[in-house]
Amino acid sequence: MSRLHVVSGKGGTGKTTVAAALALALAAEGKRALLVEVEGRQGIAQLFETEALPYEERKIAVAPGGGEVYALAIDAERALLDYLHMFYKLGSAGRALKKLGAIDFATTIAPGLRDVLLTGKACEAVRRKDRTGRFTYDYVVMDAPPTGRLTRFLNVNDEVAGLARIGPIHNQAQAVMRVLKSPETAVHFVTLLEEMPVQETADGIAELRAAGLPVGGVVINMVRPEILDEAAVEAAANGRRTDVVHALAHALERTTPGGARRTGLAEQLVDPLLEQAREHTERLALEHQERAEVARFGLPTYELRLLGDGVDLAGLYRMARELRKQFSERSEQGVSA
Ligand SMILES: Nc1ncnc2c1ncn2[C@@H]1O[C@H](COP(=O)(O)OP(=O)(O)O)[C@@H](O)[C@H]1O
Ligand SMILES: [Mg+2]
């Protein structure tokens, strides 16, 4: 089972939300997970309804069964100081650099460097051990950049290792790539049952494979409930209007006080309702098509329902439960996640 879980996908599909739910799910039953936010927009703090995250690992939630979720919002400037400190013991020189504005230069002018720092920090957390030799975190979950920027982001240390051919920077870059390209890492995609995000997922999978990075699973998010059963879908598609008016009038008679036959009201309601049913069935057909597309990727696939009122803390725990249930179903079938 992988220990570094990278969560990507098209923007707005729910990467941050799914990464948080995954961290909760993995931490369950006494495990410890670190949730890392690399885009620094405090989405995780908002989700867990806590104050803005500082650049330090902080416990933000208790998982079902007593596990712990820690979170870290990586600040590129601070990560650069860490980085300098690590190699050159430049603690005070680092602060002097900061005064000179060198860090602004490094973090804004050289976007690649920012990615080096972010991936380096996440891999450091994956490898970190406590005094007894046990991993500090059983799992690290990374709320990663969207699909379009993902491969470049994960591969940036390859470029660095090529540039700095020897020395500590070369070694550090290689160590990071070793983690990212190993089975210890799994890169997951969040998608919706819509054409664009599914297409982006297909492109993302192909890019990762070409780069030799490990593809994990697909999480289909915001799955709509199927409110009509097969017979109703069939009726909505092919039903005769008079039959529908009849059925509707009958239903109104049963459910309204007085119980008079409400044929007039049924007449008024029938066309908008038929229109809605038609839209719904069209949407279902599209979703089935996209689901088949996702199945063709041949990857472990998980589904999370659309939560009607958005995702609050309770909703997040519900999503974590859904994921756990699907993990255990997979392992019962003898397939590893
Ligand atoms: N399963 C879901 N049901 C309902 N709303 C969701 C679900 N997943 C995510 N959302 C909402 O969708 C929006 C985008 O989610 P977010 O995780 O921020 O996406 P991303 O990180 O990919 O930009 C947020 O408002 C979030 O609460
Ligand atoms: Mg996000």
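Up top you'll find the structure we're talking about.
Residues numbered from 1 in each chain as written. Chains lettered and ligands numbered in written order. Predicted model: local features only at pLDDT ≥ 70, side-chain atom pairs only at ≥ 80, totals over all residues. Heavy atoms only, no water.

> Please clarify how the layout of surface pockets should be interpreted in this entry.
There is about 300 Å³ of room inside the largest pocket. In terms of lining residues, the largest pocket is bounded by Ile227, Leu228, Ala232, Ala235, Ala236, Val244, Leu248, Leu273, Leu274, Gln276, Ala277 and His280. Elements represented by at least two residues in the lining of the largest pocket include exactly α10 (230-238), α11 (241-255) and α12 (263-295). No other element matches the five residues that α12 contributes to the lining of the largest pocket. For the lining of the largest pocket, the class distribution of residues is 10 nonpolar, two polar and no charged. (1 Å grid on protein atoms, 1.4 Å probe; cavity = no way out; pocket = protein on both sides within 12 Å on 5 of 7 lines; lining within 4 Å. Points joined across faces, edges and corners; volume = space filled by probe spheres on them. Helix = DSSP H or I, 4+ residues; strand = E, 2+ residues; numbered from the N terminus. Nonpolar A, V, L, I, M, F, W, Y, C, P; charged D, E, K, R; others polar.)

> How should a nonpolar patch on the surface be read in this particular structure?
On the surface, Leu265, Leu269 and Leu273 cluster together into a nonpolar patch covering about 210 Å² of accessible area. Structurally, Leu269 is set in helix α12. Taking relative accessible area as the criterion, Leu269 reaches 34% and is therefore assigned partly exposed. (Patch = residues over 30% accessible without salt bridge, like charges linked within 9 Å, V, L, I, M, F, W, Y side chains within 5 Å. Areas by Shrake-Rupley, 256 points an atom, 1.4 Å probe, with all protein chains shown as cover. Salt bridge = Lys/Arg side-chain N within 4 Å of Asp/Glu carboxyl O. Buried < 20%, exposed > 50% of the residue type's maximum accessible area, 1.4 Å probe, protein only.)

> Teacher, can you tell me more about the nonpolar core here?
For soluble globular proteins, nonpolar side chains are generally found buried alongside one another. If you look at the biggest cluster of nonpolar residues, it comprises 49 residues, and the most contacted ones within it are Leu4, Val6, Leu34, Val140, Leu150, Leu154 and Leu180. Those residues in contact with Leu4, other than ones at most four positions away along the chain, are Cys123, Val126, Val140, Val179, Leu180, Glu184, Thr185 and Ala186. (Core = buried A, V, L, I, M, F, W, Y, C linked by side-chain atoms within 4.5 Å. Contact = heavy atoms within 4.5 Å.)

> Can you help me understand the packing of helix α7 (residues 147-163) against helix α8 (residues 168-181) in this one?
In a pair of packed helices, the angle between the axes and the distance between the axes together describe the arrangement. For the pair α7 and α8, interaxial distance at closest approach is 8 Å and the crossing angle is 145°. When you trace α7 past α8, the crossing you get is left-handed. Residues Leu154, Asn155, Asn157, Asp158, Val160 and Ala161 of α7 lie in contact with α8, whose contacting residues are Ile169, His170, Ala173, Gln174, Val176, Met177, Leu180 and Lys181. (Axes fitted to C-alpha atoms, helices over the stretch in contact; angles between N-to-C directions. Left-handed = near helix turned anticlockwise from the far one by under 90°.)

> Teacher, can you tell me more about the site of ligand 1 here?
Residues in close proximity to ligand 1 total 13 residues, the closest being Lys15, Thr16, Thr17, Arg305 and Leu307. At 3.0 Å from an oxygen atom of ligand 1 is found a main-chain nitrogen or oxygen belonging to Gly14. The contact in question runs from a nitrogen atom of ligand 1 to an N or O atom on the backbone of Arg305, over 2.9 Å. By residue number, the principal contributor to the shell around ligand 1 is helix α1 (residues 15-27), which donates three residues. Per-class residue counts for the shell around ligand 1 are five nonpolar, six polar and two charged. (Near = heavy atom within 4 Å. Polar contact = N/O pair within 3.5 Å; in protein donor to acceptor, adjacent residues only side chain to side chain.)

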